[in-house]
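Report on the structure
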Amino acid sequence: LPPASVMYITNALESIFFGVIFTLILPMGKWGRDLASKAGAVPPSLKFHLLNCLPVSVISALLVSLPVCLINILQARSHIPAELAPPLIPMFLGSWAKLLLPTAIVSYVISLLISPIVVKAVGLNIPSKRPPNIPEGN
């Protein structure tokens, strides 16, 4: 494979790896449901999907792009002669800063596309008959 193809595949695998790790560690799904609930949004409404996807996409964009970008910068620096290589931190932060907004937007759009499928798969697509902020059993 050409070097660019290998880099794209490697980046995709790194993103999936770090995404799964952060999703297992952080309760982003709960944070999304809490945010939607506080705004009075219930599944399967559009408002619910728009709010539920925010924590997952923004936090994932930040946390997943950080190690993936760092790995890429470290690989790039390894091919630059030491006397010509720029300092690591400015090189990394400059590259990562450029990635944050596009990564967050792409992550949010993908979350919006996938969220209705997941909500339907787990059976949350049936509108609730109780007000959104009243616990079940009351």
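Residues numbered from 1 in each chain as written. Predicted model: local features only at pLDDT ≥ 70, side-chain atom pairs only at ≥ 80, totals over all residues. Heavy atoms only, no water.

By the element assignment, Arg77 lies in helix α3 (residues 46-78). Between the C-alpha atoms of Arg77 and Pro87, which are 10 residues apart in sequence, the distance is 9.3 Å. For Arg77, the residues in contact, after removing those within four places along its chain, are Ala85, Pro86, Pro87, Leu88 and Met91. (Helix = DSSP H or I, 4+ residues; strand = E, 2+ residues; numbered from the N terminus. Contact = heavy atoms within 4.5 Å.)

What follows covers helix α1 (residues 3-25). Here α1 spans 33 Å end to end across 23 residues, near enough to the 33 Å set by a 1.5 Å rise per residue. Among the residues making up α1, those that are buried are Asn11, Glu14, Phe18, Gly19 and Phe22. (Expected span 1.5 Å × (residues − 1). Buried < 20%, exposed > 50% of the residue type's maximum accessible area, 1.4 Å probe, protein only.)

Counted according to the given criterion, the structure contains 2 aromatic pairs. When the centroid spacing of 5.2 Å and the interplanar angle of 75° are considered together, the rings of Phe17 and Phe18 count as edge-to-face. For Phe18, a relative accessible area of 17% gives the class buried. The interplanar angle of 10° and the centroid separation of 5.8 Å between the aromatic rings of Phe92 and Trp96 together place this pair among those described as stacked. Taken as a pair, Phe92 and Trp96 lie in helix α4 (residues 88-121) at a separation of 4 residues, close to a single helical turn. Of the two residues, Phe92 and Trp96, neither departs from the other in class, the shared state being buried. (Phe/Tyr/Trp six-rings, centres within 6.5 Å; stacked < 30°, edge-to-face > 60°.)

By themselves these figures say nothing about function.
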